Each structure stands twice: as structure tokens, then as C-alpha cells.
Amino acid sequence: MSGSLRACEVLSRGGWSSASKTGAKQMSRKDAHAFAASLAATLMVSIVVFQAGDGTYGAVPADEIDGDEVVIVSEYDPFG
């Protein structure tokens with residue numbers, strides 16, 4: 001799972017680093033939704049698509065999201 005998170009954002013000791021700072025490619029909104037749907041179906045966990053303050057999109061497991069720093073766009077629940 002850590003490899004999948006690296007595609008959108010990277011967790012560091014100082015918190016989340018933007019994709020542009022880590023060298024990861026930024027995802028479009030469409031790509032973030034496709035990535036989230038795939039992750040939810042594969043991992044069987046709820047995945048949240050979010051938009052960060054810098055306008056980039058990402059997808060992470062719902063239990064790892066910090067709603068204070070991002071805008072939640074949608075959630076993919078494999079059981080719902």
C-alpha cells in the first residue's frame with residue numbers, strides 16, 4: 001500500500017509533502033477517481049479522493065485523511 005500512496009503524496013516526519021516536492025507526478029481529478037476506485041476494490045477499504053490546498057488531487061484510505069488540510073471530493077466504499 002505504501003507504493004500506492006507514494007503516487008499521490010508522501011508521508012514524512014514533518015507531515016504530508018506535496019507531490020511536486022517529492023518528484024511524484026500530480027494526478028488529475030479523473031485519475032484520482034480511477035485510482036481510488038481501484039484501490040477500494042483491491043484493498044477492500046474506504047478510499048477518499050481529496051483536493052489539497054495547492055490544487056492537486058490525491059487518494060488515501062479514509063482512516064488516514066486529515067480533513068483540516070484538504071477538501072474531500074468523494075469517498076469510495078467497497079461495501080456500499
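Residues numbered from 1 in each chain as written. Predicted model: local features only at pLDDT ≥ 70, side-chain atom pairs only at ≥ 80, totals over all residues. Heavy atoms only, no water.

### Comments concerning the confidence of the model for the protein chain
What counts is decided by this rule: The predictor attaches a confidence to each residue, and that confidence, scored 0 to 100, is pLDDT. In what follows, a contact means two residues having at least one pair of non-hydrogen atoms within 4.5 Å.
The pLDDT averaged across the protein chain works out to 77; a share of 68% of its residues lies at or above 70. Every residue in residues 1-14 scores below 50 in pLDDT, and together they form 31 contacts with partners more than four places removed in sequence or on other chains.

### Focus: the sheet that holds strand β5 (residues 70-76)
Using the following cut-off: Should DSSP find at least two bridges between two strands, the strands are regarded as paired. Secondary structure counts use DSSP, requiring at least four H or I residues in a row for a helix and at least two E residues in a row for a strand, with both numbered from the N terminus. Helix axes are fitted only over the stretch in contact, all axes being lines through C-alpha atoms; the angle between N-to-C directions runs from 0 to 180 degrees.
The 3 strands lie next to each other as β4-β3-β5, forming an open sheet whose pairing is antiparallel. Two strands in the sheet have a free side with no partner beyond their single neighbour: β4 (57-61) and β5. Strand-to-strand twist in this sheet, taken as the mean axis angle between neighbours without regard to direction, amounts to 30°. Across 6 bridges, the pairing between strand β3 (residues 47-52) and β5 is antiparallel. Each bridged residue has a counterpart across the sheet, and for A52 the counterpart in β5 is V70. Its contacts with the sheet put helix α3 (residues 29-43) on β3, β4 and β5, and the angle it makes with β5 is roughly 45°.

### A look at the nonpolar core
The condition is simple: Side-chain atoms within 4.5 Å link the members of a nonpolar core, which is a set of buried Ala, Val, Leu, Ile, Met, Phe, Trp, Tyr and Cys residues. Buried residues are those whose accessible area, probed at 1.4 Å on protein chains only, stays under 20% of the maximum for their type, while exposed residues exceed 50% and partly exposed ones sit between those limits.
With 9 residues, the main nonpolar core is built from M27, A32, A36, L39, A40, I47, V49, Y57 and A59. If you list the elements that add at least two residues to this core, you get α3, β3 and β4. At 4 residues, the largest contribution of residues to this core is made by α3.

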